[in-house]
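# Chains, contacts and geometry: an overview
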Amino acid sequence: MSISATHPLAVLSRIAAALLGGYAFTFGFAALAIAGLSTAGVDFHEAEHGTLLLAFLVFLLAFLWSFAARSLARIWLVLAGGGATMTLAAWLLQRHLLG
């Protein structure tokens, strides 16, 4: 059974992907960027401030892309999967730094 793009469930799923998936992707991006910059020798607070400024643009692009892309499955895969992957990479990088 195929759901058309204008079906209310498809629209709600796209909105959820834009908000929740975009948040997960942006969180993963910010965590990985801060960990990477800290590893490279940048002061933590400078890395944090610079990354969080970029995070606003990343969230905006992820939000807009989720409404422009054709495949709803691809949207969820890229945003939620990419966010989880970047968060895991940041966690491993921080664990390596502290351990």
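In the block above lies the structure referred to throughout.
Now for a quick tour of the structure. Fair warning: this is a prediction, and the values are worked out from it, not measured in the lab.

### What about the packing of helix α1 (residues 8-39) against helix α3 (residues 72-98)?
One way to put it is that α1 packs onto α3 with a least axis distance of 7 Å and a crossing angle of 25°. The angle between α1 and α3 places the two elements in the roughly parallel class. In this structure, α1 crosses over α3, and the sense of that crossing is left-handed.

### What about a nonpolar patch on the surface?
Judged by side-chain polarity, L9, V11, L12, I15, L19, L20 and F67 come together as a nonpolar surface patch covering roughly 640 Å² of accessible area. As for its position among the elements, L19 is in helix α1. Residue L19 is classed as partly exposed on the basis of its relative accessible area, which comes to 44%.

Rules used throughout
- Residues numbered from 1 in each chain as written.
- Predicted model: local features only at pLDDT ≥ 70, side-chain atom pairs only at ≥ 80, totals over all residues.
- Heavy atoms only, no water.
- Axes fitted to C-alpha atoms, helices over the stretch in contact; angles between N-to-C directions.
- Helix = DSSP H or I, 4+ residues; strand = E, 2+ residues; numbered from the N terminus.
- Parallel < 35°, antiparallel > 145°, perpendicular 65-115°, else oblique.
- Left-handed = near helix turned anticlockwise from the far one by under 90°.
- Patch = residues over 30% accessible without salt bridge, like charges linked within 9 Å, V, L, I, M, F, W, Y side chains within 5 Å.
- Areas by Shrake-Rupley, 256 points an atom, 1.4 Å probe, with all protein chains shown as cover.
- Salt bridge = Lys/Arg side-chain N within 4 Å of Asp/Glu carboxyl O.
- Buried < 20%, exposed > 50% of the residue type's maximum accessible area, 1.4 Å probe, protein only.

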